[in-house]
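This is what each chain is made of:
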Amino acid sequence: MQTFDLGKEGLRALNSSLHALKGQTNMTAWEVVNPKGAHAIAAGVDADVDITVRGSTGYYCAGMNKLATIRIKGSAGPGVAENMMSGTVIIDGNASQYAGATGRGGLLVVKGNASSRCGVSMKGIDIVVHGSIGHMSAFMAQSGNLVVLGDAGDALGDSLYEARLFVRGSVKSLGADCIEKEMRPEHYAILEDLLKRGEADHLAKPREFKRYGSARKLYNFNIDNASAY
């Protein structure tokens, strides 16, 4: 276990050390202590390592993550796991706005609540939120899956493309071109897998969720749909 005291050694030294981990490495387990809400902790990691941050983080923690498993033992500021490519990010607390924004792959797990614009413009990432999410979540979400065990705020899935949204609780309102869709066997299978990987299978069952997706009326401009723009 490599223990890094961020209060003493600083963010630049931490990220430089993590960026130097390429390919095979024996330094696979890292612990970051005294994060004190610092920004961009473990951003841009490109190695199959396990990083535990013992405390809450600021902006863009685990941004652009590739391969690594990053565990935040606290809450995360705006943009956690932004543009994530692969790997896993697990937050024990809450996540601020635009968690998982533009994420292209991997798994983001929020064990508390996520604020507004969770999964905005997601492009393949899977997101599992144990609590609720704020307004404008999954705005322009292109692909991937967003699973919410709690409630969703206003304008869920506004201008949605082909991402799948699964919500167990209530939805305050749906955004433009987002509609409720039928849950078919393949969706229950996807949801069962995501709940297991998201450490939430003991909290909810697939049959308790509703699925939301795109009505596919905004892909190309059509004057008949002008009122929806």
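Note that the structure is a prediction, hence the values are computed from the model and not measured.

Enquirer: So what exactly am I meant to see when it comes to the overall build of the protein chain here?
Expert: A tally of regular secondary structure across the protein chain gives three helices and 11 strands. Start at the N end of the protein chain and walk to the C end: the helices and strands fall as β-α-α-β-β-β-β-β-β-β-β-β-α-β. Scaling as 2.2 N^0.38, a compact globule of 229 residues should have a C-alpha radius of gyration of about 17 Å, and the protein chain matches this with 18 Å. When the backbone C-alpha atoms are referred to their principal axes, the protein chain occupies close to 60 × 35 × 30 Å. In the protein chain, buried positions account for 51% of the 229 residues. Carbon and sulfur atoms form 48% of the exposed surface of the protein chain, whose accessible area is close to 10,200 Å².

Enquirer: How should I be thinking about the side chain of Ser 86 in this particular structure?
Expert: In this structure, Ser 86 sits in the loop between strand 4 (69-72) and strand 5 (88-91). Within the structure, the side chain of Ser 86 is placed 2.9 Å from the backbone nitrogen of Leu 67, a separation counted as a polar contact. Ignoring sequence-local partners within four residues, the contact set of Ser 86 consists of Asn 65, Lys 66, Leu 67, Gly 105 and Gly 106.

Enquirer: Honestly, unusual backbone geometry in this entry has me stumped. Any pointers?
Expert: Of note in the backbone geometry, Ala 40 takes a positive phi value of approximately 60° without being a glycine. Of note, Ala 40 is situated in the loop between strand 2 (29-33) and strand 3 (50-54). You can call Ala 40 partly exposed: its relative accessible area is 25%. Of note, Tyr 98 is a non-glycine position whose phi angle comes to about 45°, a positive value.

Enquirer: Before we go on, may I ask you to explain a nonpolar patch on the surface in this structure?
Expert: A cluster of nonpolar side chains, Met 140, Tyr 161 and Tyr 219, forms an exposed patch at the surface whose accessible area comes to about 260 Å². If you trace the backbone, Tyr 219 turns up in the segment after strand 11 (210-214).

Enquirer: Just to check I follow, could you spell out helix 3 (residues 185-197) for this structure?
Expert: One full turn of an α-helix is made of 3.6 residues, so residues set three or four places apart face in the same direction. If you check helix 3, its first and last C-alpha atoms are 19 Å apart, about what 13 residues at 1.5 Å a residue would give, namely 18 Å. Residues of helix 3 that are buried include every one of His 187, Tyr 188, Leu 191, Leu 194 and Leu 195, and no others. Seen along its axis, helix 3 keeps its buried residues to an arc of 130°; they face one direction. More than 90 degrees from the buried face of helix 3, the exposed residues found are Pro 185, Glu 192 and Lys 196. Looking at the buried residues of helix 3, the elements they touch are strand 7 (123-129), strand 8 (143-148), strand 9 (164-167) and strand 11. Phi for Glu 199, located one or two positions after helix 3, is positive at around 55°.

Conventions adopted
- Residues numbered from 1 in each chain as written.
- Predicted model: local features only at pLDDT ≥ 70, side-chain atom pairs only at ≥ 80, totals over all residues.
- Heavy atoms only, no water.
- Helix = DSSP H or I, 4+ residues; strand = E, 2+ residues; numbered from the N terminus.
- Rg over C-alpha atoms; globule rule 2.2 N^0.38 Å.
- Buried < 20%, exposed > 50% of the residue type's maximum accessible area, 1.4 Å probe, protein only.
- Areas by Shrake-Rupley, 256 points an atom, 1.4 Å probe, with all protein chains shown as cover.
- Polar contact = N/O pair within 3.5 Å; in protein donor to acceptor, adjacent residues only side chain to side chain.
- Contact = heavy atoms within 4.5 Å.
- Patch = residues over 30% accessible without salt bridge, like charges linked within 9 Å, V, L, I, M, F, W, Y side chains within 5 Å.
- Salt bridge = Lys/Arg side-chain N within 4 Å of Asp/Glu carboxyl O.
- Expected span 1.5 Å × (residues − 1).
- Arc of directions from axis to C-beta.

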